[in-house]
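# Observations on chain architecture
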Amino acid sequence: DTEVTQTPKHLVMGMTNKKSLKCEQHMGHRAMYWYKQKAKKPPELMFVYSYEKLSINESVPSRFSPECPNSSLLNLHLHALQPEDSALYLCASSRAISENEQFFGPGTRLTVL
Amino acid sequence: EDQVTQSPEALRLQEGESSSLNCSYTVSGLRGLFWYRQDPGKGPEFLFTLYSAGEEKEKERLKATLTKKESFLHITAPKPEDSATYLCAVQAQNSGYALNFGKGTSLLVTP
């Protein structure tokens, strides 16, 4: 299995909702990443997990809360988002945080109303 | 400050018309330079990693090269299915393993 999967593919939520994005990989990778990508812009790093521990938090607002329950799963919990948070949220993984090649999932298209 | 600049922003080619995409970078110690392909609404697809000046990698119609200041992605005899946005990213030795992406080149190959 050489895939990173993400669910849901699309999500529409109100500013008072709580929702979660899920990411899964079965490649035995021990580093997992969340990126945010706005239209016609490059991906921007949000969080990095290494061996299920948060390694990097790129000054992301607390309304985004990551969680890594095990080495294969990565969640992003969303609460009280703003319309400007609408974007494509990408998950990626690599063999280790020191391994440079990151493999991306298809993304979740999030719309905040 | 680390910078990655890709040019051109957009490129339109006829099928079979070879060309090159450029990625210029300034980093304080390069750990690696990466090329990705991204189709609309999808995640980036990994293409190549280059680590040191003079290195070259090939895959089908694509060839990536690296110098101390820039990388080129050469596309030989492109086909319409090569149409996508091509992203360049660098990883600096002091970056905490983050990828610093350029803004990408949007390539359209017409039949």
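Residues numbered from 1 in each chain as written. Chains lettered and ligands numbered in written order. Predicted model: local features only at pLDDT ≥ 70, side-chain atom pairs only at ≥ 80, totals over all residues. Heavy atoms only, no water.

### Structural notes on the state of the cysteines
Test applied: Sulfur atoms of two cysteines make up a disulfide when they are within 2.5 Å. Only DSSP runs of H or I covering at least 4 residues are called helices, and only runs of E covering at least 2 are called strands; the numbering of each starts at the N terminus. Relative accessibility thresholds used throughout: buried, under 20% of the residue-type maximum; exposed, over 50%; partly exposed, between the two (1.4 Å probe, protein chains only).
Applying the stated criterion across every chain, the model contains two disulfides over all chains. A sulfur-sulfur distance of 2.0 Å marks the disulfide that ties cysteine 23 of chain B to cysteine 88 of chain B. Looking down the S-S bond of the cysteine 23 of chain B and cysteine 88 of chain B bridge, the torsion is -60°, so its handedness is left-handed. With cysteine 23 of chain B in strand β3 (residues 19–26) and cysteine 88 of chain B in strand β9 (residues 84–92), the pair connects residues that are 65 residues apart, well separated along the chain. For cysteine 23 of chain B, a relative accessible area of 0% gives the class buried. This cysteine, cysteine 68 of chain A, is not joined by any disulfide, and cysteine 23 of chain A carries the nearest cysteine sulfur, 9.1 Å off. Take cysteine 68 of chain A: its relative accessible area is 12%, and that puts it in the buried class.

### A word on the environment of serine 93 of chain A
Residue and element names in this part refer to chain A. This is how the line gets drawn: Here, residues are in contact when the closest pair of their heavy atoms is within 4.5 Å. Polar contacts, as used here, are pairs of N or O atoms within 3.5 Å; protein pairs need one atom able to donate a hydrogen and one able to accept it. Residues neighboring in sequence count only if both atoms are side-chain atoms.
Relative to the helices and strands, serine 93 is located in strand β9 (residues 87–94). Of the residues examined, serine 93 reaches a relative accessible area of 0% and is grouped as buried. Sequence separation between serine 93 and arginine 63 is 30 residues, and the spatial gap between their C-alpha atoms is 23 Å. Each residue touching serine 93, except ones within four places of it in the same chain, is listed here: Val4, Gln25, Met27, His29, Ala31, Met32, Tyr33, Glu101, Gln102 and Phe103. Separated by 2.7 Å, the side chains of serine 93 and histidine 29 make a polar contact.

### Digging into the layout of surface pockets
Here is the rule we go by: Lining residues are defined by having an atom within 4 Å of a point belonging to a cavity or pocket. Those points lie on a 1 Å grid over the protein atoms alone, cavities being sets where a 1.4 Å probe fits but cannot get out and pockets being open sets with protein on both sides within 12 Å along at least five of seven lines. Grid points are joined across faces, edges and corners, and a volume is the space filled by probe spheres set on the points. Residue type decides the class: Asp, Glu, Lys and Arg count as charged, Ala, Val, Leu, Ile, Met, Phe, Trp, Tyr, Cys and Pro as nonpolar, and the leftover types, Gly among them, as polar.
Its volume calculated, the largest pocket comes out at about 690 Å³. In terms of lining, the largest pocket is formed by 27 residues, of which the most central are Lys40 and Lys41 of chain A together with Thr85, Lys103 and Ser106 of chain B. Residue assignment for the lining of the largest pocket shows that the elements contributing at least two residues are β1 (3–7), β9 and β11 (105–110) of chain B. Each pocket or cavity is described by its volume, and for the second largest pocket that value is around 310 Å³. Along its surface, the second largest pocket is lined by 16 residues, and Phe104 and Gly105 of chain A together with Gly43, Pro44 and Glu45 of chain B are the ones closest to its centre. When contributions to the lining of the second largest pocket are tallied by element, the ones reaching two or more residues are β1 (4–7) and β10 (103–104) of chain A together with β4 (30–38) and β5 (45–50) of chain B. The residue makeup of the lining of the second largest pocket, split by class, is six nonpolar, five polar and five charged.

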